[in-house]
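Chain and residue survey
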Amino acid sequence: MHRLFLLPRATRHRRRDLLHGIPVLALLLSLPLAGGCGRQLPTRPGDAAALSKAAVSERFVADGAVHLEGDIGPGTRYSLDRPANWNGDLVLYLHGYSNPAFPVALPDNGPIRDRLLAAGFAVAASSYSSNGYAVPEGVRESHQLRALFVSRVAKPQRTFLFGVSLGGLIGLMLAEKYPSQYDGALLVSGVVGGTPEEVKYIADIKVLFDWAFPTVPLGGLVTPIPVTDFNTQVVGPVVAAVSADPNKLGIINLVTRHPMPAANGQELVKSLLNVLGFQLQGAVDLQDRTHGHMFFDNEDYHYTGPLPPSLIDAINAGVARYSSTPDAEAWLAHYETPSGDLRIPVLTLHNQRDPVVPAFHEALLFDAVHAQGADAFLAQRQTDSYGHVNFTPDELVQNFLDLVHWVDTGVRPAP
């Protein structure tokens, strides 16, 4: 692929997000899954002393273009890029979920970064100081990037947020919390309806799957099996079980609180594999973040749907029950349930049949924004397509340019 911005760049600190860039199922079929990892102490946002001590490990300058990489505090890497034809604007790229078992590294956002640089925008990105559901770290350490860019490169005229997947939730939190410091946000396939509803989506499917297919040995909700070969340990057994009794997969989707998106049976099986893969990879990490306390609650929930009463009774009698603790619920709500209080333009983009972060998130965000009377600051787009962040770099950058045009002209983009 032709590179639009030519500067030498090291690649040893790059990693590809699990929930970004290519269809999630392909990644789940090829990457080892594991849960939980140690926590790094984050650097506080706005900590002038920490920013002044930020180490620069790589610096390239060519014909007015600048590329910097370095570290802020323990475990947080950053990259800063300014093109020679800089238009004065800065884009903060907020990456998605990363496997908790992998080393912390900068996002592999080259195709998007290079297109933004070619269009005249500077780009900054952070690794975050830990992987997994790193919303607190992502908010803190991404918020540092503008000050770091000012101290290391130049002061931008405007700063935009470009959040992908979990980075979409991080971008939404930054837009709500610091509207005077950012000028607009593009949120792609983001968890914009909130973490509590995403947890319900994943966990409901998991416990209902365990009820429907008890002979598939995947472990419990927060006691997943260690997975070293996703094809052998998960894909094979799950597909075999569903093929033997496909009606049960339909039953799961009829009674769960947030159904899996699918236009046909093949997509429904892919959605199931994506949900189970995400649960296997992320459940322990999420429980670590809630201090070992249960984050999911279905203790008193009555699963129901257009099924015979006897079957509904059997499901509710047989499904595993969990009771969340108040502190775990508070953590999920804080990171985050969106307030809907938008003060800057926010453009969202979603695949209608997203198996990992379903499009119901967009409806929840719309309701929250409407309740605040902030409709003028929200524009939402969805494509009739299957996949998570299933957009080309050109499509993503064009939507970003539409956001910038909105900020420039005050004309909200068409849905």
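The text that follows walks through the structure, step by step, so that each part is easy to find. (Residues numbered from 1 in each chain as written. Predicted model: local features only at pLDDT ≥ 70, side-chain atom pairs only at ≥ 80, totals over all residues. Heavy atoms only, no water.)

1. Observations concerning the nonpolar core
Ranked by size, the top nonpolar core spans 92 residues in total, and within it Y133, V135, F209, V238, M260, L272 and F296 carry the most contacts. For this core, the leading source of residues is helix α7 (residues 195-212), giving nine residues. In terms of nonpolar packing, the next biggest core, distinct from the first, is built from 24 residues, F162, L186, V188 and L396 among them. (Core = buried A, V, L, I, M, F, W, Y, C linked by side-chain atoms within 4.5 Å. Buried < 20%, exposed > 50% of the residue type's maximum accessible area, 1.4 Å probe, protein only. Helix = DSSP H or I, 4+ residues; strand = E, 2+ residues; numbered from the N terminus.)

2. Remarks on the side chain of E362
Relative to the elements of secondary structure, E362 occurs in helix α13 (residues 360-371). The charged side chain of E362 is buried without a salt bridge, its nearest counter-charge being R381 at 11 Å. Setting aside its immediate chain neighbours within four residues, E362 contacts V192, T348, L349, H350, Q380 and Q382. (Lys, Arg positive; Asp, Glu negative; His and termini not counted. Salt bridge = Lys/Arg side-chain N within 4 Å of Asp/Glu carboxyl O. Contact = heavy atoms within 4.5 Å.)

3. Thoughts on empty space enclosed by the protein
For the structure shown, the criterion picks out two cavities of 30 Å³ or more. Taken as a whole, the largest cavity holds about 180 Å³ of empty space. What lines the largest cavity is a set of 14 residues, among which V199, I202, F278, G282 and L286 lie closest to the centre. In the lining of the largest cavity, the residues fall into ten nonpolar, three polar and one charged. (1 Å grid on protein atoms, 1.4 Å probe; cavity = no way out; pocket = protein on both sides within 12 Å on 5 of 7 lines; lining within 4 Å. Points joined across faces, edges and corners; volume = space filled by probe spheres on them. Nonpolar A, V, L, I, M, F, W, Y, C, P; charged D, E, K, R; others polar.)

4. Section: the layout of surface pockets
Taken as a whole, the largest pocket spans an internal volume of roughly 200 Å³. If you trace the largest pocket, you find twelve residues lining it, with V139, M173, K177, H334 and Y335 closest to the centre. Elements supplying a minimum of two residues to the lining of the largest pocket: α4 (135-143) and α6 (166-177). No other element matches α4, which puts four residues into the lining of the largest pocket. Residues that form the lining of the largest pocket fall into these classes: six nonpolar, two polar and four charged.

5. With respect to the packing of aromatic side chains
Under the defined criterion, the tally for this structure stands at twelve aromatic pairs. The interplanar angle of 85° and the centroid separation of 5.6 Å between the aromatic rings of F160 and F400 together place this pair among those described as edge-to-face. Of this pair, F160 sits in strand β8 (residues 158-164) while F400 sits in helix α14 (residues 393-409), placing them 240 residues apart in sequence. Ring plane angle 65° and centroid distance 6.1 Å describe the contact between Y201 and F360, whose orientation is recorded as edge-to-face. With Y201 in helix α7 and F360 in helix α13, the pair connects residues that are 159 residues apart, well separated along the chain. Under the relative-accessibility criterion, Y201 is labelled buried at 0%. Clustering of aromatic rings is evident, with ring pairs tying together Y93, F121, F160, F162 and F400. Between R257 and the ring centre of Y301, over which it is positioned, the NZ or CZ distance is 4.2 Å. (Phe/Tyr/Trp six-rings, centres within 6.5 Å; stacked < 30°, edge-to-face > 60°. Lys NZ or Arg CZ within 6 Å of the ring centre and 35° of its normal.)

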